[in-house]
Amino acid sequence: MSQEEKDMTLKGRSFLTLKDFTAEEIDYLLDLAAELKKKKKAGIIGETMKGKNVALIFEKPSTRTRCAFTIGCIDEGAHPEYLGKDDIQLGHKESVEDTARVLGRMFDAIEFRGFKHENVEKLAKYSGVPVWNGLTDDYHPTQILADFLTLKEHFGHLKGLKLVFVGDGRNNMANSLMIGSAKMGVNFTIIAPKVLWPKEDLVELCKEYTKETGSEIVITEDIKAVEGADAIYTDVWCSMGEEDKASERVALLKPYQVNKAMMDMTGKDTTIFLHCLPAVKGNEVTEDVFESPNSLVFDEAENRLHSIKAVMVATLGNI
Ligand code: CP
Ligand code: NVA
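An account of the accompanying structure is given in this report. (Residues numbered from 1 in each chain as written. Chains lettered and ligands numbered in written order. Predicted model: local features only at pLDDT ≥ 70, side-chain atom pairs only at ≥ 80, totals over all residues. Heavy atoms only, no water.)

1. Points about the environment of G185
And step 1. Checked against the element boundaries, G185 lands in the loop between α7 (172-184) and β6 (187-191).
And step 2. On the accessibility criterion, G185 (4% relative accessible area) is buried.
And step 3. Measuring from C-alpha to C-alpha, the distance between G185 and S215 comes to 4.7 Å, with 30 residues separating the pair along the chain.
And step 4. The residues contacting G185, other than those within four sequence positions of it, are L158, K159, G160, T213 and S215. (Helix = DSSP H or I, 4+ residues; strand = E, 2+ residues; numbered from the N terminus. Buried < 20%, exposed > 50% of the residue type's maximum accessible area, 1.4 Å probe, protein only. Contact = heavy atoms within 4.5 Å.)

Here is the structure:
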């Protein structure tokens, strides 16, 4: 596929989950993110989104995602408008469908971070402009682009790597890493207690994807499955909106903490540690692993900017 054809396929599209994108398209976004990163480091000001207005809807709090969308817009000439949970009536005094149609008349694109995944789908269906998922209860697709960019920068490739997610194996991060890994040929293991395994239909769908890429998906309760891992990934034990489950999760997930003993169980001293952040140190990861030279969490955090900018530029920008 030529560069021009790839650009054409992404222009005007929404970015709701990686299910909707081919491996070539994901690769294209990762290459574009790397290119935009170089451009930013060289101090080159872009204007691929000049004159565009972008709505940033946040029902849930955010540091990285909000800042990446805001700075990404400004770096490429667009105007970002932050709409927090108390600023608009989304789904309360006004239906999501109506807000979508209003915003679609005024804005050129919409980012949504919130609870129900069906709301980001409704925004995409009714607004008529590209909608980008900045995290829902079920998926966090822009995070995967940052994670995979970090893996590519570190290992030089994605295919054949062993990525192990330890912890809440049915949260938005585990779901999205599984989809992305299956699509990109990364061998993916989830280590979690059975009650926190991902939904069977999503696992089956991802196994379908692996028929094309040959990657392996393993779901297990056994922490010994970290053996041979190129990267160990974890996330908070209670996602936003699940705060009432805190004590139950601590009891359930204590044996799944990423600590020095678990890093040693990989049998490699080159295994890297990844986390989408924010982290609750002392729960899902110990301070020493978080601060170790093998921890690439701040490269990942920086890469949120370049990869989110790539999604916006590819779907909305003039390139
Ligand atoms: N990783 C991530 O999405 O961080 P924020 O919640 O700070 O946006
Ligand atoms: N699973 C976490 C991810 C935060 C980036 C949450 O949804 O709170």
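2. Observations concerning the packing of aromatic side chains
And step 1. Inspection of every chain in the model, using the stated rule, returns five aromatic pairs.
And step 2. For the pair F15 and F21, a centre-to-centre distance of 5.1 Å together with 50° between the ring planes defines the contact as tilted.
And step 3. Classification of F15 as buried rests on a relative accessible area of 1%.
And step 4. When the ring of F58 is compared with that of Y82, the centres are 5.5 Å apart and the planes differ by 25°; the resulting orientation is stacked. Separated by 24 residues along the polypeptide, F58 in strand β1 (residues 53-58) and Y82 in strand β2 (residues 79-84) bring together distant segments of the chain.
And step 5. Relative accessible area serves as the criterion here: at 2%, F58 is assigned to the buried category.
And step 6. Residue placement shows K183 over the ring face of Y209; its charged tip is 4.3 Å from the ring centre. (Phe/Tyr/Trp six-rings, centres within 6.5 Å; stacked < 30°, edge-to-face > 60°. Lys NZ or Arg CZ within 6 Å of the ring centre and 35° of its normal.)

3. Thoughts on the site of ligand 2
And step 1. In the vicinity of ligand 2, the contacting residues are L135, H140, N171, N172, D235, V236, S239, M240 and L277.
And step 2. Contacts to ligand 2 include D235, whose side-chain N or O atom sits 2.6 Å from a nitrogen atom.
And step 3. Backbone polar atom of M240 to an oxygen atom of ligand 2: 2.8 Å apart, as the coordinates give it.
And step 4. Within the complex, 95% of the 270 Å² of free accessible area of ligand 2 lies under protein.
And step 5. Of the residues belonging to the shell around ligand 2, the class tally is four nonpolar, four polar and one charged. (Near = heavy atom within 4 Å. Polar contact = N/O pair within 3.5 Å; in protein donor to acceptor, adjacent residues only side chain to side chain. Areas by Shrake-Rupley, 256 points an atom, 1.4 Å probe, with all protein chains shown as cover. Nonpolar A, V, L, I, M, F, W, Y, C, P; charged D, E, K, R; others polar.)

4. Here we look at the sheet that holds strand β8 (residues 231-234)
And step 1. Read from one edge to the other, the open sheet built from five strands follows the order β7-β6-β5-β8-β9, with strand pairing classed as parallel. Because the sheet does not close on itself, it has two edges, and the strands there are β7 (217-220) and β9 (272-275). Strand-to-strand twist of the sheet, defined as the mean angle between neighbouring strand axes without regard to direction, takes the value 20°.
And step 2. In this sheet, β6 lies alongside strand β5 (residues 162-166) in parallel orientation, the contact comprising five bridges. Bridged to V164 within β6 is T189.
And step 3. Running at roughly 45° to β9, helix α12 (residues 297-316) makes contact with β8 and β9 of the sheet. (Pairing = 2+ DSSP bridges. Axes fitted to C-alpha atoms, helices over the stretch in contact; angles between N-to-C directions.)

5. Comments concerning the nonpolar core
And step 1. In this structure, W132, F148, V166, L177, M178 and V258 are the most contacted members of the largest nonpolar core, which totals 83 residues.
And step 2. Broken down by element, this core gets its largest block of residues, 10 residues, from α12.
And step 3. Other than its neighbours up to four places away in sequence, M178 contacts F188, I190, P198, L202, V203, C206, I217 and I219.
And step 4. Counting 15 residues, the second-largest nonpolar core is a separate cluster that includes L83, V96, V129 and V131. (Core = buried A, V, L, I, M, F, W, Y, C linked by side-chain atoms within 4.5 Å.)

6. Focus: the site of ligand 1
And step 1. Within the structure, ligand 1 sits among S62, T63, R64, T65, R113, H140, Q143, C276, L277 and R304.
And step 2. Within the side chain of H140, one N or O atom sits 2.9 Å away from an oxygen atom of ligand 1.
And step 3. For ligand 1, the accessible surface in isolation is 260 Å², of which the surrounding protein chains cover 96%.

7. Thoughts on the sheet that holds strand β4 (residues 131-133)
Either a parallel or an antiparallel arrangement is found when strands of a sheet pair, and the pairing is made through backbone hydrogen bonds.
And step 1. With respect to topology, four strands assemble into an open sheet ordered β2-β1-β3-β4, the strand pairing being parallel. What marks the edges here is a single partner per strand, and that holds for β2 and β4. Along the sheet, successive strands turn relative to each other by an average axial angle of 20°, direction set aside.
And step 2. Helix α5 (residues 117-127) rests against β1, β3 (109-113) and β4 of the sheet, and its axis sits at about 165° to β4.

8. Re the side chain of D168
And step 1. Here D168 shows up in the loop between β5 and α7.
And step 2. Only 2.6 Å separates the side chain of D168 from the side chain of R170, close enough to count as a polar contact.
And step 3. Excluding residues within four positions of it along the chain, D168 makes contact with A174, L196, V236, W237, E242, R249 and L253.

So yeah, pure geometry; function would need other evidence.
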